[in-house]
Amino acid sequence: MPQARGHWSSRLGFILAAAGSAIGLGNLWKFPYITWANQGGAFVLLYLLCIAAIGLPIMMAEILIGRRTQKSPVGAMAEAFGARWKWVGGLGVLTGFVILGYYSVIAGWTLRYFAVCVGWSVRGFDAEAASGAAFGAFVANGVLQLVLAGLFMVLTTAVVYRGIGGGIERVARTLMPLLFGILVLLLVSALTMDGAGSALGFIFNLDFSALQPRGALEALGHAFFTLSLGMGAMITYGSYLSRKDSVVSSAGIVVALDTLIAIVATIIMFSVIFSVPGMAEQINKSTAGMLFITLPQLFYAEVPFGVLLAPLFYLLVAFAALTSTISLLEVVVSYFIDQRGMARGKATFLCGATTFVLSALCGLSFGSSKLLSNFSWVYRGTDHAKSGLFDHLDYLASNWMLPIGGFFITLGAGWLMTRQATEGELVDDTTPAWFRYGLWRFAIRYVAPLAVAAIIVAVISGKDFS
Ligand code: TRP
């Protein structure tokens, strides 16, 4: 018996849920460190260009496919493009499972850092416990990794279990305003710091000589990840959108919020870093460790009201991660509900438990299990060799699965759907004045597929964007 399909209670509900999916560890952890590694300025500009010219049109395409078909990715592909396209939706479901498997591990770390910072704020900062060596010991503690990833999966499952309006939307409505509030507080504090000027200079300089071709492709790959595109997450969320709500302005707002938050997070982190002499050199040794090694030390040593802001900051990161893991699990769960006729409760438990097995394996791949931590198949023998399960899954999803999924979604939306169909979805009396249908169609038929094809070719020739 077909179950009644849930819907967002309003357009705002959809926007907050979709922004919640988009805003996550990609914005708060990955964007700052790839901006650092690519020396800011020109890279940031290029990233903004990728977001506007490629990310935004694909976001509109995914939401329109979802809203039109009112189905999750597998069914939506079949209905919008034909039965032979089902595999693109299937690939999306698998991608959701893979990303959730490793993402929930880092998400679990944010819970630990929140708890540790609360402890430091109450009892006083412990420099030894905040060192790089202590971080290494923490990630290699297998039992703790299982507990943290498990806890995060339980939180995620509990929300998805409650469905669209009562679960996902309600959590987004509560957490997203809190997240914006905390971020504003942090931004105000960061801008008063000595390093704020250097931080802004680093992020907004226009020195194109620092830009490598590899950086250009990295910007594009990250645009996919940060906007949750390429695996049908936005198709799924769009399928719960009522037909009277505008696709164009919703997509515009979600993309703008995601971009704003990434930039603000970067300004905050770099202001802190540049306020401490010598810190920049230290970051260069471990850019990926910025969020978990450098920042806690700086919060307590340098930031005014750091004892308050540090726990708040990790709470913010945990909130952002939770609204993202929810969207990843929802894609997998909605497949079992829509295509296999399973009840939501059963589907959620099944998918949550299966994913936890993968998270557990990933959590053990930072040193606690030699077998899972040390194997290296990709780029073996080079200085960017992948090692361990976590690394390999991130590589697989970011470099292969998302670009391939995104490529076929744009092809379908640009070339298989009729002009009449897409124009009917995008243009009505709610369409904002800045939107030009012809420009969208050009972007989705030519610009996006060619750019994504460039990533795939680059990956085949041995580049790495994870
Ligand atoms: N966009 C999220 C982030 O930046 C991660 C994420 C959630 C995601 N859902 C997704 C990435 C779907 C790709 C596809 O952290």
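Let me begin by describing the structure that accompanies this report. Bear in mind the structure is a predicted one, so any value in this text is a computation, not a measurement.

What counts and what doesn't
- Residues numbered from 1 in each chain as written.
- Predicted model: local features only at pLDDT ≥ 70, side-chain atom pairs only at ≥ 80, totals over all residues.
- Heavy atoms only, no water.
- Helix = DSSP H or I, 4+ residues; strand = E, 2+ residues; numbered from the N terminus.
- Contact = heavy atoms within 4.5 Å.
- Expected span 1.5 Å × (residues − 1).
- Buried < 20%, exposed > 50% of the residue type's maximum accessible area, 1.4 Å probe, protein only.
- Phe/Tyr/Trp six-rings, centres within 6.5 Å; stacked < 30°, edge-to-face > 60°.
- Near = heavy atom within 4 Å.
- Polar contact = N/O pair within 3.5 Å; in protein donor to acceptor, adjacent residues only side chain to side chain.
- Areas by Shrake-Rupley, 256 points an atom, 1.4 Å probe, with all protein chains shown as cover.
- Nonpolar A, V, L, I, M, F, W, Y, C, P; charged D, E, K, R; others polar.

### Some thoughts on the side chain of Ser21
Inference 1: The topology assignment puts Ser21 in helix 1 (residues 11–22).
Inference 2: Once you skip the residues sitting within four places of it in the chain, Ser21 turns out to touch Ser228, Met234, Tyr237, Thr323, Ser324 and Ser327.

### A word on helix 1
Inference 1: In this model helix 1 runs 16 Å from its N-terminal to its C-terminal C-alpha over 12 residues, within 8% of the 16 Å that 1.5 Å per residue would give.
Inference 2: Counting buried residues in helix 1 gives 10 out of 12 residues, a clear majority hidden from the surface.
Inference 3: Burial in helix 1 covers these residues: Gly13, Phe14, Ile15, Leu16, Ala17, Ala18, Ala19, Gly20, Ser21 and Ala22.

### A short note on the environment of Met269
Inference 1: Looking at the secondary structure, you find Met269 in helix 12 (residues 247–274).
Inference 2: Met269 sits in the buried class, given a relative accessible area of 2%.
Inference 3: As a C-alpha pair, Met269 and Val116 span 153 residues in sequence and 19 Å in three-dimensional space.
Inference 4: Not counting chain neighbours up to four residues away, the residues in contact with Met269 comprise Leu28, Pro32, Met290, Leu291, Leu295 and Phe313.

### Some words on the packing of aromatic side chains
Inference 1: For the structure on display, the rule yields 39 aromatic pairs.
Inference 2: Arranged with centres 5.2 Å apart and planes meeting at 70°, the rings of Phe81 and Trp85 form a pair that is edge-to-face.
Inference 3: Overall, Phe81 belongs to the buried group, its relative accessible area being 10%.
Inference 4: Ring geometry for Trp109 and Phe366: centres 5.2 Å apart, planes at 65°, overall edge-to-face. Here the residue Trp109 occupies a position in helix 5 (residues 86–123), and Phe366 occupies one in the loop between helix 16 (344–363) and helix 17 (370–374), the gap between them amounting to 257 residues.
Inference 5: Looking at Trp109, the relative accessible area reads 4%, which means it is buried.
Inference 6: Put simply, the rings of Tyr102, Trp109, Tyr113, Phe135, Phe138, Phe292, Phe299, Phe313, Tyr314, Phe366 and Phe390 touch in pairs and so form one group of aromatic residues.

### Concerning unusual backbone geometry
Inference 1: At Gln70, a residue that is not glycine, the phi angle is positive and equals roughly 55°.
Inference 2: Within the secondary structure, Gln70 is located in the loop between helix 3 (42–69) and helix 4 (73–81).
Inference 3: A positive phi angle is found at Ser228, which is not glycine, with a value near 60°.
Inference 4: By the element assignment, Ser228 lies in the loop between helix 10 (213–226) and helix 11 (233–238).
Inference 5: The exposure class assigned to Ser228 is buried, which follows from its relative accessible area of 12%.

### Looking at the site of the ligand
Inference 1: Taken together, the neighbourhood of the ligand is formed by 17 residues, with Ala22, Gly26, Tyr103, Phe225 and Ser228 sitting nearest.
Inference 2: Between the ligand and Ser228 there is a distance of 3.0 Å, counted from a nitrogen atom to a side-chain nitrogen or oxygen.
Inference 3: Isolated, the ligand exposes 360 Å² of accessible area, and the fraction of that covered by the protein chains is 100%.
Inference 4: Those elements giving two or more residues to the shell around the ligand turn out to be helix 1, helix 2 (25–37), helix 5, helix 10 and helix 15 (306–338).
Inference 5: Residues of the shell around the ligand, tallied by class, amount to nine nonpolar, eight polar and no charged.

### Quick notes on the environment of Ala310
Inference 1: Tracing the sequence through the fold places Ala310 in helix 15.
Inference 2: Taking the relative accessible area as the measure of exposure, Ala310 reaches 0% and is therefore buried.
Inference 3: The sequence separation of Ala310 and Thr35 amounts to 275 residues, and the corresponding C-alpha distance is 22 Å.
Inference 4: Contacts of Ala310, omitting those with residues within four sequence positions, involve Cys117, Phe299 and Tyr300.

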